[in-house]
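For reference, the chains in residue letters:
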Amino acid sequence: MNAIQAHIEATAALLRGVERLVVLTGAGISKESGLATFREPLTGIWARYDPVKLGTRRSFQRDPKLVWDFLAFLHAGIAGAEPNPGHYAIAELEALIPEVVVITQNIDNLHQKAGSTDVIELHGSFGRNKCFADCRGNPTYVSDEEALPGADGAPPRCPHCGAYIRPDVVLFEETLPPGLLGRAKWVSRASDVMLVVGTSGIVQPAASLPYWAVRAGAKLIDVNPGMDEIGPAADVFIQAPAGEALPLLVEMLRHEEM
């Protein structure tokens, strides 16, 4: 038995009889679908583009068309991505455990595409647009049909107040939506087990959620090809890609049910 298989068996044992599982995912799982991460030193998006010029509220206010076009370019790259076996395995856990909540730092909608039904998108999603001014509450969503066309290639405008619309993603200098973060903390504390997948464990406040779970008594499992900040605190650390480890875990859990 190799180390990965042994750790998967240990994980299956921790999940046996569990009522509430929380899965926290980061950029690593989407990287397995061919998407670039934002923060990797050489290949990440912010290694190639200046976040101060293209990824802040102030940059949008200073040059709305430039930032809108850049975000549309990123969205086009994400829109063609498909879930990988790791995403599908997480969705399949819903058939094996009574309550599964996914908390993701990703903005690509791949968990929903794979079939996960309860996903907390901490950093928002490129699948929605909202009013830049959030004129009718935070967030004020604006559908493509509702949006007013912008002049001379400028971003579309909100039909309610005339402000520009923008993707519903968290930009630099912005805080996470308090309702989403509050629910993420609550489900983390209420979990029996937290499964962390493909995250470095350094981006706050998401990086604190595993410790909220552990302090409340949850077991902690970490899946990552390389060591991260969460691994030393985990009850089980599976050093493997999600697309390799998680389908094996689901297969083992299904076999136990037979």
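All of the points below concern the structure found in this document.

Quick notes on unusual backbone geometry
In most cases, non-glycine residues show a negative phi, while peptide bonds are predominantly trans.
Now for step 1: Here the amide bond leading from Asn138 into Pro139 is cis, since omega sits at 0°, within 30 degrees of zero.
Now for step 2: For Pro139, the position within the fold is in the loop between β4 (124-131) and β5 (165-169).
Now for step 3: Cis geometry marks the peptide bond from Gln204 to Pro205, where omega comes out at 5°.
Now for step 4: Tracing the sequence through the fold places Pro205 in the loop between β6 (193-197) and α10 (209-215).
Now for step 5: If you check the backbone angles, Asn109 has positive phi at about 70° while not being a glycine.
Now for step 6: Considering the arrangement of structural elements, one finds Asn109 in the loop between β2 (99-104) and α8 (110-114).

With respect to the pairing of strand β1 (residues 20-25)
Now for step 1: Most of β1 is tucked away: 5 of the 6 residues are buried.
Now for step 2: Examined bridge by bridge, β1 and β2 share 6 bridges and lie parallel to one another. Paired with Val23 across the bridge in β2 is Val102.
Now for step 3: Judged from the 5 bridges that link them, β1 and β6 form a sheet pairing that is parallel. In the sheet register, Leu21 faces β6, and the bridge partner there is Val193.

A few points about the sheet that holds β2
Now for step 1: Read across the sheet, 6 strands follow the order β3-β2-β1-β6-β7-β8 without closing on themselves; strand pairing throughout is parallel. Strands at the two margins of the open sheet, each flanked by one partner only, are β3 (119-121) and β8 (236-238). This sheet shows a mean twist of 15° between the axes of neighbouring strands, independent of strand direction.

A word on the pairing of β6
Now for step 1: Summarising burial for β6: 5 of the 5 residues are buried, a large majority.
Now for step 2: Burial along β6 is two-sided: Val193, Leu195 and Val197 facing one way and Met194 and Val196 facing the other are all buried.
Now for step 3: Note that β6 and strand β7 (residues 219-223) share 5 bridges and pair parallel. Each bridged residue has a counterpart across the sheet, and for Leu195 the counterpart in β7 is Ile221.
Now for step 4: You can see the chain leave β6, run along α10 and come back into β7, and the turn it takes is right-handed.

About the thresholds
Residues numbered from 1 in each chain as written. Predicted model: local features only at pLDDT ≥ 70, side-chain atom pairs only at ≥ 80, totals over all residues. Heavy atoms only, no water. Helix = DSSP H or I, 4+ residues; strand = E, 2+ residues; numbered from the N terminus. Buried < 20%, exposed > 50% of the residue type's maximum accessible area, 1.4 Å probe, protein only. Pairing = 2+ DSSP bridges. Axes fitted to C-alpha atoms, helices over the stretch in contact; angles between N-to-C directions. Right-handed = clockwise from strand over helix to strand, strands pointing away.

The quantities given are spatial measurements derived from coordinates; they are silent on function.
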